Amino acid sequence: MRTLLAVLIITACAGPTLAQDPIFDARNAAMWQEQQAADQLARQRSVALENQVGAFEARTQTERRLRDLEVRPTAARLAASDTRAGPMVAMPSEIDAWMAQSNARVRAAAANRR
């Protein structure tokens, strides 16, 4: 009776171990690795396609803007002068002298605080 009980216990414990097939486990691991590699390759392809689409959209947008600039008349690109701003001040021929006078006026105005 004890031997029968011992044999049953040993068979119950050893049953799942004996049922595992090392070749089956190796195949499952290989299939898992293959699936992971395929998934990673698919992700890389997806990112590459998204990058190509983004580059194409940027190129198309640039070409559209360049075409709009070519179609637009030249006069429209020039800013219209604002006549309400007053007359244009002519720049003097001697910039250094003009800058010195401007700095002197600014210093005088800054010194005249109330």
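Given the structure is predicted, the values throughout are model-derived calculations rather than measurements.

*Asks:* What is the right way to look at the overall build of the protein chain in this model?
*Replies:* Across its full length, the protein chain holds four helices and zero strands. If you list the helices and strands of the protein chain from N to C, you get α-α-α-α. When burial is assessed residue by residue, the protein chain has 0% of its 114 residues classed as buried. As displayed, the protein chain has an accessible area near 11,100 Å², and 60% of this comes from carbon and sulfur atoms.

*Asks:* What exactly am I supposed to notice about the confidence of the model for the protein chain here?
*Replies:* Detailed reading of the predicted coordinates is not advisable wherever pLDDT falls low. In the predicted model, the protein chain carries a mean pLDDT of 80, and 74% of its residues have values of at least 70. When mean pLDDT is compared element by element in the protein chain, helix α2 (residues 22-71) scores highest at 92, while helix α3 (residues 74-77) scores lowest at 54.

What counts, and at which threshold
Here, residues in each chain are numbered from 1, in the same order as that chain's written sequence. Owing to the predicted nature of the model, reporting of local features is limited to residues with pLDDT of at least 70; listing and counting of side-chain atom pairs is limited to 80 or more, with chain, interface and lining totals taken over all residues. Water and hydrogen atoms were dropped before computing side-chain values, which therefore reflect all heavy atoms in the structure. Strands here mean DSSP runs of E at least two residues long; helices mean DSSP runs of H or I at least four residues long; both are numbered from the N terminus. In this scheme, a residue with accessible area under 20% of its type's maximum is buried, one over 50% is exposed, and one in between is partly exposed, where area comes from a 1.4 Å probe on protein chains only. The Shrake-Rupley method, run with a 1.4 Å probe, gives the accessible areas here. Residue values count only the displayed protein chains as cover. Residue-level confidence of the predictor is summarised by pLDDT, bounded by 0 at the bottom and 100 at the top.

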